[in-house]
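Residue-level listing of the chains:
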Amino acid sequence: MFKGLFQTRSKAKNNIVMDTNGLDMSNIPRHIAIIMDGNGRWAKAQGKVRTYGHQAGAETLKTIVRAADKLGVKVISAYAFSTENWKRPVTEVNFIMELLSRYLTNEIDEFNENNVQVRFIGSREGLPDIVKQKMDHAIEATKNNTGIILNLAINYGGQAEILHAVRSIAAEAAAGTLDVEQIDNKVVESHLYTAGLPAPDLLIRPGGDLRISNFLLWQIAYAEIWTTKVFWPEFTPDHLVEAILAYQGRERRFGGLVDKK
Ligand code: FPP
C-alpha cells in the first residue's frame, strides 16, 4: 500500500534516507515520462466504450501527479495525444479534445491548491481553438506555481519535435545568427519543446506494449524504462512506487563504466 511518505521517513544504518515504501529518498527520479496506454482495452474489459477508458485515464493522471509530487518527483510528462492519434475515429478524437478542454477548466483550482505548474509540449497546429485557449489559460493560471510540473504532451510526436528543432536551427544558421560549428547537444535541446526541463530519468509504459511510440525520442536517450501489463486506468500510486523501486535498483552508466574497485 502507498504509504504517507514524508511523515514516515526513517534513517537506515547506511545513512540512506528511506521512506516506508522502501524508497531511497535521495534517489527519486527528477523527471518521469508516462505513456498512458491501455485506456481502450480497460474500458472494453468493463463492457464499456473506449472513451470511458480515457475519462478514467484522466482521473488516474490526477492521482499519479499527486503521489509523484509527494515522493519528490519534479516533472511528470504525460502523453495525452500523439500526432498519430488523429487516425482514430473522429468521435474518439473529439471526445479526447473535449476531455482535455474540460480537464484544463475543472482542474485549475486543484493545480493551484497543490502548487502544480502546467506546461505543454507538441504542435498547436490542428488543435481546436477551445483547446488552445484552455491551454493558454492553464499556463497563465499556474505559471507562478513552484511545485511539480505537469508537462502534457498534446498533438505531440518525437520525430515532429526533432524536425521542428532542426528547421529552426537551420533557419538561424541561414540567417547568420548561429554558427554551424556551435551546434551541439545544448543547442538542439534548447530548440526542443522541453527546453529548460531535465531529461526524463524514468519512462513508464503501462498496457503491456514494449514500444516508445514516438515519445520524447531525443530526451529518453538514457532514461530507464519500466513497463507493466496493468492498464493505465488501473495504475495506482503503488505501481508508481514499484516503478521507482525498480529504477533505484538499476545501475545508470550513461554509456560509461562503473568503477568496480
Ligand atoms: C492510449 O490508450 C491513450 C490515449 C491515446 C489517450 C490518453 C488520454 C488520456 C489519458 C485522457 C486525456 C488526458 C487528459 C490529461 C485529460 P489507448 O486508447 O491506445 O488504449 P488501448 O491501447 O487499450 O486501445
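For every chain, the first residue of the written sequence is number 1, and numbering continues from 1 along that sequence. The model is predicted, so local features are restricted to residues of pLDDT at least 70 and side-chain atom pairs to those at 80 or more, both for listing and for counting; the totals for chains, interfaces and linings are taken over all residues. To get the side-chain values, take all heavy atoms of the structure and skip hydrogens and water.

Q: How should the packing of helix α2 (residues 50-71) against helix α3 (residues 90-106) be read in this particular structure?
A: When two helices pack together, their arrangement is given by the angle between the helix axes and by the axis-to-axis distance. With their axes 10 Å apart at the nearest point, α2 and α3 run at an angle of 30 degrees to one another. Considering the angle they form, α2 stands roughly parallel to α3. The chirality of how α2 crosses α3 is right-handed. On α3, the residues that touch Arg50, Thr51, His54, Gln55, Ala58, Leu61 and Lys62 of α2 are Glu92, Phe95, Ile96, Leu99, Arg102 and Tyr103. Classification used: nonpolar for Ala, Val, Leu, Ile, Met, Phe, Trp, Tyr, Cys and Pro, charged for Asp, Glu, Lys and Arg, polar for all others including Gly. For the contact of α2 with α3, the residue count by class is six nonpolar, three polar and four charged. Note on geometry: axes are lines fitted to C-alpha atoms, helical ones only across the stretch in contact, with angles between N-to-C directions running from 0 to 180 degrees. Only runs of H or I of at least four residues qualify as helices and only runs of E of at least two qualify as strands under DSSP, and these elements are numbered from the N terminus. Working rule for angles: under 35 degrees goes down as roughly parallel, over 145 as roughly antiparallel, 65 to 115 as roughly perpendicular, anything else as oblique. By definition, any crossing whose near helix is turned counterclockwise from its far helix by less than a right angle is left-handed, and any crossing with a clockwise turn is right-handed. In what follows, residue pairs with any heavy atoms lying within 4.5 Å of each other are defined as contacts.

Q: Just checking my understanding: could you explain the packing of aromatic side chains for this structure?
A: Think of a pair of aromatic rings as described by two things: how far the centres are apart, and how the planes are tilted against each other in angle. Working definition: a ring pair exists when centres of Phe, Tyr or Trp rings (six-membered ring for Trp) sit within 6.5 Å. Plane angles under 30 degrees give stacked, over 60 give edge-to-face, the rest tilted. Overall, the coordinates contain nine aromatic pairs when judged by the stated rule. With centroids separated by 5.7 Å and ring planes inclined at 90 degrees, the aromatic side chains of Tyr156 and Phe215 adopt a geometry described as edge-to-face. On the criterion of sequence distance, the pair formed by Tyr156 in strand β6 (residues 149-156) and Phe215 in the loop between β7 (202-205) and β8 (224-227) is long-range, its members being 59 residues apart. Take Tyr156 and Phe215: they sit in the same class, and that class is buried. An aromatic cluster of at least three residues, connected via ring pairs, comprises Tyr79, Tyr156, Tyr193 and Phe215. For a Lys NZ or an Arg CZ to count as sitting over a ring, it must be within 6 Å of the ring centre and within 35 degrees of the ring normal. When the ring centre of Tyr52 is taken as origin, the NZ or CZ atom of Lys48, which lies over that ring, is 4.5 Å away. Any residue under 20% of the maximum accessible area for its type is buried, any over 50% is exposed, and the rest in between are partly exposed; the area is computed with a 1.4 Å probe on protein chains only.

Q: Before we go on, may I ask you to explain the site of the ligand in this structure?
A: Any residue with a heavy atom positioned within 4 Å of a molecule or strand is treated as near that molecule or strand. Around the ligand, the surrounding shell holds 18 residues, and the nearest of these are Asp37, Gly40, Arg41, Arg50 and Arg88. Any pair of N or O atoms that falls within 3.5 Å is considered a polar contact. Within protein, one atom must be able to donate a hydrogen and the other to accept it, and sequence-neighbouring residues count only if both atoms are side-chain atoms. A distance of 2.7 Å separates an oxygen atom of the ligand from a polar backbone atom of Arg41. What sets the accessible areas is the Shrake-Rupley method with a 1.4 Å probe; for residues, cover comes only from the shown protein chains. Contact with the protein chains covers 93% of the free accessible surface of the ligand, which is 620 Å². Broken down by secondary-structure element, the contributors of at least two residues to the shell around the ligand are α1 (39-45), α2 and α3. It is α2 that contributes the most residues to the shell around the ligand, five residues altogether. Per-class residue counts for the shell around the ligand are eight nonpolar, six polar and four charged.

Q: How should I be thinking about the pattern of salt bridges in this particular structure?
A: Close approach of charged atoms lets side chains of opposite charge pair. Take a side-chain nitrogen of Lys or Arg and a carboxyl oxygen of Asp or Glu: if they are within 4 Å of each other, that pair is a salt bridge. For the structure shown, the criterion picks out 15 salt bridges. In this structure, the salt-bridge partner of Lys143 is Glu140, at a minimum N-O distance of 2.7 Å. Its relative accessible area of 43% is what places Lys143 among the partly exposed residues. The closest approach of N and O atoms between Glu251 and Arg253, which form a salt bridge, is 2.9 Å.

Q: Which parts of the structure should I look at to understand the sheet that holds β6?
A: Strand pairing within a sheet occurs via backbone hydrogen bonds; the two strands may be parallel or antiparallel. The strand order across the open sheet formed by six strands is β5-β6-β4-β3-β7-β8, and the pairing between neighbours is parallel. Here the strands that pair on one side only, and so sit at the sheet edges, are β5 (117-121) and β8. Recorded for the sheet is a direction-independent mean angle of 20 degrees between the axes of neighbouring strands. Taken together, the seven bridges between strand β4 (residues 75-82) and β6 define a ladder with parallel strand orientation. Looking across to β6, one finds that Ser77 is bridged to Asn151. Contacts from α3 reach β4, β5 and β6 within the one sheet, and its direction differs from that of β4 by about 145 degrees. Strand pairing requires that DSSP identify at least two bridges connecting the strands.

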